[in-house]
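Okay, here's what each chain looks like letter by letter:
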Amino acid sequence: MIGVTENLLKIRDLLSRYALEAGRPADAVQLLAVSKKQPLEKLHEAARAGQHDFGENVVQEALAKIEATASLDVTWHFIGHLQTNKTRAVAEHFDWVHSIDRLKTARRLSAQRPEGLASLNVCLQVNIDAEQGKSGVSAEELPELAHAVSELPGLRLRGLMCLPAIHTSFEAQREPFAKLREQYESLCGSGLELDTLSMGMSGDYRAAIFEGATMVRLGTAIFGQRDT
Ligand SMILES: *Cc1c(COP(=O)(O)O)cnc(C)c1O
């Protein structure tokens with residue numbers, strides 16, 4: 001049995017070590033625990049070990065977990081493909097959405113965010129390798145989408161997210177992350193106030209940290225293999 005608490009301790013240590021290695025402050029990188037397809041017990045163990053941010057990619061599964069952990073102080077991030085008919089549930093129950101790639105989805109989330117809640121934090125997902133059929137806005141369409149989303153009430157545009165193709169070598173892993181960072185810097189230069197680069201998963205987060213990730217999304221590294 002893999003201990004979630006031990007994994008978290010080890011990963012927190014690595015996050016600060018990699019950040020320092022990259023010439024960044026030790027606390028530069030926030031940890032998002034991706035709890036999709038993981039049992040509630042592991043999620044509870046992570047929360048007891050001080051983990052605050054959790055990510056899910058299927059709305060139905062997430063709603064059950066949100067309800068089951070209502071007494072805990074946790075922040076929920078939606079990181080999956082968002083279908084139009086699921087935007088209301090996300091607008092009502094999540095604190096963050098990392099996977100916006102169309103204005104239509106953003107408009108719906110904006111209209112459906114309940115008034116009593118703080119703005120929904122959003123990142124735009126970029127199809128960084130320009131892969132056919134993959135989610136994410138293209139590099140060409142990104143600036144227009146970013147500026148349009150930044151104007152929507154009830155949403156706060158925080159930054160960019162990507163899910164690059166899998167590479168095993170450190171240098172190859174850095175390339176797409178470097179591209180995302182350049183797009184992020186270009187948007188900041190055009191007047192948008194962004195603070196989040198959501199990039200890096202269990203297999204490539206060191207490379208992402210070297211390219212400026214402010215939030216890494218780790219599932220298996222924390223919780224072990226997912227239920228299939
Ligand atoms: C599943 C998932 C992750 C975590 O993947 P691991 O390889 O288990 O760390 C991160 N981001 C997204 C968008 C995911 O769907």
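Preceding block: the structure.
Criteria and thresholds
- Residues numbered from 1 in each chain as written.
- Predicted model: local features only at pLDDT ≥ 70, side-chain atom pairs only at ≥ 80, totals over all residues.
- Heavy atoms only, no water.
- Helix = DSSP H or I, 4+ residues; strand = E, 2+ residues; numbered from the N terminus.
- Rg over C-alpha atoms; globule rule 2.2 N^0.38 Å.
- Buried < 20%, exposed > 50% of the residue type's maximum accessible area, 1.4 Å probe, protein only.
- Near = heavy atom within 4 Å.
- Polar contact = N/O pair within 3.5 Å; in protein donor to acceptor, adjacent residues only side chain to side chain.
- Areas by Shrake-Rupley, 256 points an atom, 1.4 Å probe, with all protein chains shown as cover.
- 1 Å grid on protein atoms, 1.4 Å probe; cavity = no way out; pocket = protein on both sides within 12 Å on 5 of 7 lines; lining within 4 Å.
- Sits in = over half its atoms within 2 Å of the grid points.
- Nonpolar A, V, L, I, M, F, W, Y, C, P; charged D, E, K, R; others polar.
- Axes fitted to C-alpha atoms, helices over the stretch in contact; angles between N-to-C directions.
- Parallel < 35°, antiparallel > 145°, perpendicular 65-115°, else oblique.
- Left-handed = near helix turned anticlockwise from the far one by under 90°.
- Contact = heavy atoms within 4.5 Å.
- Salt bridge = Lys/Arg side-chain N within 4 Å of Asp/Glu carboxyl O.

**Q** Where do I start with the overall build of the chain in this structure?
**A** Of the regular secondary structure elements, the chain holds nine helices and eight strands. Here the chain has a C-alpha radius of gyration of 17 Å; the compact-globule value for 228 residues is 17 Å, and the two agree. Across its three principal axes, the chain shows a C-alpha extent of roughly 45 × 40 × 30 Å. Relative to its full complement of 228 residues, the chain shows a buried share of 50%.

**Q** Explain the site of the ligand here, please?
**A** Inspection of the region around the ligand gives Val34, Lys36, Ile79, Met161, Leu163, Met201, Ser202, Arg217, Leu218, Gly219, Thr220 and Arg226 as its neighbouring residues. Between an oxygen atom of the ligand and a side-chain N or O atom of Lys36, the distance comes to 2.7 Å. Protein contacts shield 90% of the accessible area of the ligand, which totals 390 Å² for the unbound molecule. A molecule is said to occupy a pocket when more than half its atoms come within 2 Å of that pocket's grid points, and by this definition the ligand occupies the largest pocket. Among the residues forming the shell around the ligand, the class breakdown is six nonpolar, three polar and three charged.

**Q** Sorry if this is basic, but what is going on with the packing of helix 1 (residues 4-21) against helix 2 (residues 40-48) here?
**A** When two helices pack together, their arrangement is given by the angle between the helix axes and by the axis-to-axis distance. Direction vectors running N to C along helix 1 and helix 2 enclose 50°, while the axes themselves pass 9 Å from each other. Of the possible angle classes, the one that applies to helix 1 and helix 2 is oblique. Handedness of the helix 1/helix 2 crossing: right-handed. Residues Val4, Thr5 and Leu8 of helix 1 touch helix 2, and the partners they reach there are Lys42, Glu45 and Ala46. Looking at side-chain class alone, the contact of helix 1 with helix 2 contains three nonpolar, one polar and two charged residues.

**Q** Looking at this model, I keep getting lost on the pattern of salt bridges. Mind explaining?
**A** Between side chains of opposite charge, pairing is possible as soon as their charged atoms come close. Applying the stated criterion to the full structure yields nine salt bridges. Here Arg17 and Asp13 are joined by a salt bridge, their closest N and O atoms 3.1 Å apart. Here Arg17 and its partner Asp13 are both found in helix 1, four residues apart, which amounts to about one turn of the helix. Classification of Asp13 as partly exposed rests on a relative accessible area of 37%. Among the ionic pairs, Glu56 bridges to Lys65, the shortest N-O distance being 3.0 Å.

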